[in-house]
Amino acid sequence: MKKLLLTVSAFFLFMIAGTDRAEACTGITLKTVNGGNVMARTIEWGGSNLNSVYVVVPKKYRQKSYAPDGGEGMEFEALYGYVGLSVEKEEFVAEGINQAGLSAGLFYFPNSGGYETFNPELRENTIADLQLVALVLSRCADVEEVKDLLGKVHVVGIDPRASTVHWRFADASGRQVVLEIIDGKVRFYENKLGVLTNSPDFDWQMKNLNNYVNLFAGTSDARDFGGVELSSFGAGSAMLGLPGDVTPPSRFVRAAFFQTTAPVLKTTDESVAQAFQILNNFDIPIGVEFKAGQTPTDIPSATQWTSASLPVEKKIYYRTMYNSTIRCIDLNTIDFGKVKYRAVPLDAERRQPVETITVK
């Protein structure tokens, strides 16, 4: 346990030291033809390789939370089996879905959140922020159960110097909420739009959308301008003013625009592919987040992986910076009463970025 805590502390110290790197997440929600949702998102970290794995967690699997004092927090047993995508530590599930169809994910939330102060006397009901997704997927079947659970546990950061995170949860009914903890107080927001990025808080991001009320799909009509006719140079002029930088507010607006203008496609597979295509617009290349004179990290992209979860179908898809092939894990094919716990690297092998085709 002591060795694990040293590893965790080193990870958080790196997060603190690397706060000028790209730590950006963008989440969207697309409707499917059967009335379900595609919960898609990116995860960025420009400081180093996150060494991500997928975990398969069976029913009755027991876990313990880390605590800020080096001891342990709450212990919990899985009522539901789930599949999650983890970063740095197997326990740190950043995105996942369980056999009840509940989707859960955490998003970076710097300089905005504030957890309650850790109280050692409450450790049996205390969960580390980076383990909250694992707890929720283990214990909850829907959003209402998530809200009930959060009224009974205390969420803390393992290292108070590290950034906070916020979360989104969605169930098979289509309901989706954002959870933020600010000044120690738990706040849930109904997320009817289905978009989430990072700071500032969700309420601010939704208000900021009003600054872009002029945006719409298509091309602006020609118009008279003081006796001079103005017309578009090409398609898409109706979206002039759409922000293109990688800050969280700009990504929120851009994600909302692309999501709300996307048509509902004929099949679920097409909707999944569409979600990945939309999120291509949010890939962050290595280099843009480094100041002049700084050496970029030796990884292909700050966007280390992109995922999509389907609560109704109970499937999770992903692709990585090393392999753009979309891979799927179907929870319906897993017997969570018998399967053994496992943690598997997202990439069994790193593919070469370019494949040469030999023509004979």
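Structure's up top.
I will try to describe carefully the structure that is included in this document.

### Observations regarding the sheet that holds strand S12 (residues 176-182)
Strand order in this open sheet of 8 strands is S13-S12-S11-S8-S7-S6-S3-S19, and the pairing throughout is antiparallel. Two strands in the sheet have a free side with no partner beyond their single neighbour: strand S13 (185-190) and strand S19 (342-345). For this sheet, the mean inter-axis angle between neighbouring strands, taken without regard to orientation, is 20 degrees. Taken together, the 4 bridges between strand S3 (residues 53-57) and S19 define a ladder with antiparallel strand orientation. Residue pairing across strands places Tyr54 opposite Val344, the latter belonging to S19. Where helix H2 (residues 132-139) meets the sheet, its contacts fall on strand S6 (82-86), strand S7 (93-98), strand S8 (103-108), strand S11 (165-170) and S12, and the angle it forms with S7 comes to roughly 10 degrees. Docked against the sheet, helix H3 (residues 143-150) engages S11, S12 and S13, running at close to 170 degrees with respect to S13.

### Details of helix H6 (residues 268-279)
With 12 residues, H6 extends 17 Å between its outermost C-alpha atoms, agreeing within 8% with the 16 Å of an ideal straight helix rising 1.5 Å per residue. If you follow the buried residues of H6, they end up packed against strand S1 (27-31), strand S2 (37-44), helix H5 (248-260), strand S16 (303-310) and strand S17 (315-320).

### Examining the pattern of salt bridges
Tallying each qualifying case throughout the model produces 10 salt bridges. Here Glu75 ties to Arg62 by a salt bridge, and the two come within 2.9 Å at their closest N and O atoms. On the criterion of sequence distance, the pair formed by Glu75 in strand S5 (residues 72-77) and Arg62 in strand S4 (residues 62-66) is long-range, its members being 13 residues apart. With its nearest N and O atoms 3.1 Å apart, the salt bridge here joins Arg327 to Asp347. Separated by 20 residues along the polypeptide, Arg327 in strand S18 (residues 327-330) and Asp347 in the segment after S19 bring together distant segments of the chain. Judged by its relative accessible area of 16%, Asp347 falls in the buried class.

### Overview of the nonpolar core
The biggest cluster of nonpolar side chains holds 84 residues, and the ones touching the most others in it are Leu132, Val136, Val155 and Trp167. Ignoring anything within four residues of it in the chain, the contact list for Val136 reads Asn98, Leu102, Ala104, Val146, Leu149 and Phe169.

### Some thoughts on the side chain of Ser163
Mapped onto the secondary structure, Ser163 falls in the loop between strand S10 (154-156) and S11. Owing to a relative accessible area of 16%, Ser163 belongs among the buried residues under this scheme.

### A word on the sheet that holds S16
The 5 strands lie next to each other as S1-S2-S16-S17-S18, forming an open sheet whose pairing is antiparallel. The open sheet has two free edges, formed respectively by S1 and S18, since each of these has just one partner strand. With strand direction ignored, the average angle separating the axes of adjacent strands in the sheet is 20 degrees. Summarising the sheet, S17 and S18 pair through 4 bridges and their orientation is antiparallel. Its bridge partner lying in S18, Tyr317 is registered against Cys328. Packing against the sheet, H6 makes contact with S1, S2, S16 and S17, and its axis sits at approximately 150 degrees to S1.

Rules used in this analysis
- Throughout, residues of each chain are indexed from 1 in the direction in which the sequence is written.
- Restriction of local features to residues with pLDDT of at least 70 applies here, the model being predicted, together with a cutoff of 80 or more for giving and counting side-chain atom pairs; totals for whole chains, interfaces and linings are based on all residues.
- Side-chain measures were taken over the full set of non-hydrogen atoms in the model, leaving aside hydrogen atoms and water.
- When DSSP finds at least two bridges between two strands, those strands are taken to pair.
- Secondary structure elements follow DSSP: runs of H or I no shorter than four residues count as helices, runs of E no shorter than two count as strands, and numbering proceeds from the N terminus.
- Every axis in this analysis is a line fitted to C-alpha atoms, fitted for helices over the stretch in contact. Angles between the N-to-C directions lie between 0 and 180 degrees.
- In what follows, a contact means two residues having at least one pair of non-hydrogen atoms within 4.5 Å.
- Here, expected helix span is obtained from the residue count minus one, scaled by 1.5 Å.
- Each reported salt bridge corresponds to a side-chain nitrogen of Lys or Arg within 4 Å of a carboxyl oxygen of Asp or Glu.
- In this scheme, a residue with accessible area under 20% of its type's maximum is buried, one over 50% is exposed, and one in between is partly exposed, where area comes from a 1.4 Å probe on protein chains only.
- Residues enter a nonpolar core if they are buried and are Ala, Val, Leu, Ile, Met, Phe, Trp, Tyr or Cys, with the set joined through side-chain atoms within 4.5 Å.

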